[in-house]
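# Fold and contact review
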Amino acid sequence: MGKDTALLILVLLLLAAIIAIIIVCFRTTYGLRPLEEEEPLWKTSVVHQVHARSLYDVHPNGTGDIAGITSKADYLKELGVGIVCISPIYKSPMKDSGFDISNFTDIDPVFGNMAEFDDLITAFHQRGVKVVLEIVPNHSSDQHEWFLRSVEGEAPYGDYYTWADPKGVDAHGNPVPPNNWMSVYKGSAWQWNEKRRQFYLHQFLAEEPDLNYRNPLLREEMKKVLVFWVEKGVDGFMVQTLTHLLETEDLSQDEPTASGPHDPRDYNYLNHTLTTNHPETLVVLREWRLVLDQYPNKVLMVSPTGENSESVMSYYGNSTHPLADIPLNSLLINSLTDRSHVTGPTLRSIIDLGLDKLPKGKWANWLLGNADQRRTATRVGTDLVDALNMMTLLLPGTPVVYYGEEIGMEDTEITWNETRDSLGLRWGPDHYRDHSRDPARTPMQWDDSKLAGFTTSNSTWLPVNPNYKTLNVKGQSEAPQSHLKIFKELTVLRGQEAFRDGYLQFPVVTKNIFTFIRYVERADSYMLVINTSVDDVVVNLRLNSTVQLPQSGTVVLRSSSDTSADTLPGSEVLLDEVHLVAGEGLLLKLSLQSP
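Residues numbered from 1 in each chain as written. Predicted model: local features only at pLDDT ≥ 70, side-chain atom pairs only at ≥ 80, totals over all residues. Heavy atoms only, no water.

### Focus on the nonpolar core
Quick reminder of the rule: Among the buried residues, those of types Ala, Val, Leu, Ile, Met, Phe, Trp, Tyr and Cys that are joined through side-chain atoms within 4.5 Å form a nonpolar core. Exposure categories follow from relative accessible area, calculated using a 1.4 Å probe and restricted to protein chains: below 20% of the type maximum is buried, above 50% is exposed, and the middle band is partly exposed. Contacts are residue-level and defined by heavy atoms, with any inter-residue pair within 4.5 Å sufficient.
Residues Phe 117, Trp 229, Trp 288 and Met 391 are the most contacted members of the largest nonpolar core, which totals 111 residues. Setting aside residues up to four positions removed in sequence, Phe 117 forms contacts with Ile 66, Ile 89, Ile 107, Leu 133, Trp 229, Lys 232 and Val 234. Residues Val 539, Leu 541, Leu 586 and Leu 588 belong to the second largest nonpolar core, which totals 20 residues.

See below:
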């Protein structure tokens, strides 16, 4: 190579470096994230949890199916969803709504077939939407081939499950379980198997034997399951029942009794110090993380149980050993159990916990509802639906939304004869209402036609809420303002720089008023104001603010319950006299020099 050629190459390299520096400086100056730091979709998107039985029924038998989910791909895309998370659709005897899996790599016919699943993946990927599957690795169905062979003691399946000898026999000669552990679904967590002459552990139904994750062969089997679905095109997993994955090795130990009045048959009668959040669970989760890391951009979500924020945060891992991208934060669900709990200080403390406890470099998430709890509108009131959606979608972090929350769906009254949920059924006709999760799992309300437009069948797997005549997607799409329209606007607003990267401050927090500001230099700033009370209020925000506020703000969004001409989007509102109807959320654009 000649000197002139070498010099030319050097000059070109220097020129390229200068151009790269200029681009970085330009993006930094104008508040743009550096090119090499573009965020993964799970950070910038809304996650939408779909209960597969309840979204839409294409094969008209009254039960939602895979083809039904595919048919609503455009709806979910237009909603602003970036990730759709689908409840278990695996082969199952359906003793526990599909959480009792008899084949982890097959589709149950009630939902369709593998060809339809392939079509689903294609449809969502064509629209730029990722697909995440819920998976239940703690246990299998007792109809799974692994369990049937384990009962026989057949190698290598003999200890794929947790088996234990009886502690002894009772006065009637019946075998006694090895300890006092209880099932989440009521009663003992141990089931006697006459053929094997041992007990097996089931932390849920007796038809759901717990897998033994101290067996390395079983752990390899589950890794193969993850790989199977990833190679089918799945973009990640939501892991359910993870906190129950491992227990103490010493099966002779009893768990301590919990304080407070509890039914001795109830799971909460004991403190589950030996059967939940075992440290070795994180080791297994790390193995799954390493499997997914072999494939680019795969998200790992987990659903820890309990209210202990420290244990939830442990599922993030750290910079050296990352684990889950999104350990679901249930603080809002656990804390906002009724309207009396929705106050400014409560919302502030929940958000502080969700952000301050985050491990360094990790990302927050927020959810108001899921398939195991009463719906948000039922728990805290229909008037707060828009305000709480504004809050969760505009906070730093990823919002995880349960289907129907975008239109403010409410719980449906379910009779004993209509009950399908295994937990409700376990408690019988006198107590099922206290335990059943069916009311929050009813069919999506698409329009005001027969059965809410969910199916062309003559019946549905759970009854449709009678309010579908006035509360449905079609009606809200056509209304001048509605929950649905506000939700769609929120998913667009999330793209604003203030909500992507802005500071977070809480200028006014009182019993009835909750506010936060999202602020970033050289860009628009926004303040969300929420009236948590059941009464209309007038509030002087400037008087009570901990930061200097301008005299006025421009209305960007307001709750659909507000019909005042003074707060129409685009209107100027004086901050020393803000009128809010009960439960209202009001989003204002502000001119701020500093937060």
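On we go.
### Let's talk about the packing of aromatic side chains
We count it as follows: Note on aromatic pairs: the rings of Phe, Tyr and Trp (six-membered ring only in Trp) are paired at centre separations within 6.5 Å, and the planes decide the class, stacked below 30 degrees, edge-to-face beyond 60, tilted for the rest. Under the DSSP-based scheme used, a helix requires at least four consecutive residues in state H or I and a strand at least two consecutive residues in state E, with every element numbered from the N terminus. A positively charged side chain is recorded as over a ring if its NZ (Lys) or CZ (Arg) lies within 6 Å of the ring centre. The angle to the ring normal must also be within 35 degrees.
The tally for this structure, following the rule as stated, stands at 22 aromatic pairs. Geometrically, the ring pair formed by Trp 146 and Tyr 160 is edge-to-face, given 5.8 Å between the ring centres and 80° between the ring planes. Pair noted here: Trp 146 is in helix α6 (residues 145-151) and Tyr 160 is in the loop between α6 and β6 (163-164), with a separation of 14 residues, a long-range link. With a relative accessible area of 2%, Tyr 160 lands in the buried category. Pairing Phe 147 with Tyr 161 gives two aromatic rings, centres 5.0 Å apart and planes at 85°, and the pair type is edge-to-face. Residue Phe 147 is located in helix α6, and its partner Tyr 161 is located in the loop between α6 and β6; the two are separated by 14 residues in the primary sequence. Per residue, the accessibility class of Phe 147 equals that of Tyr 161, and both read buried. The cationic tip of Arg 53 hangs over the ring face of Trp 461; the distance from NZ or CZ to the ring centre is 5.1 Å.

### Some details on the environment of Leu 575
Structurally, the position occupied by Leu 575 is in the loop between β21 (572-574) and β22 (578-580). Taking C-alpha positions, Leu 575 is 22 Å from Leu 490, a pair spaced 85 residues apart along the chain.

### Here's the deal with the sheet that holds strand β20 (residues 552-558)
The cut-off we apply is this: Here, strands pair whenever DSSP counts at least two bridges between them. The angle between two axes is taken between their N-to-C directions and runs from 0 to 180 degrees, where each axis is a line fitted to C-alpha atoms and a helix contributes only its stretch in contact.
The six strands are arranged β16-β17-β18-β23-β20-β21 in an open sheet whose pairing can be described as antiparallel. Only two strands of the sheet have a single neighbouring strand rather than two, namely β16 (503-505) and β21. Neighbour-to-neighbour, the strand axes of this sheet turn through a mean angle of 30°, independent of strand direction. As defined by bridge partners, strand β17 (residues 513-519) adjoins strand β18 (residues 525-531) across six bridges and the pair is classed as antiparallel. Residue Thr 515 lies in a different strand from β18, and its bridge partner there is Val 529. Those strands touched by helix α11 (residues 344-356) are β16 and β17, and its axis lies near 40° from that of β17.

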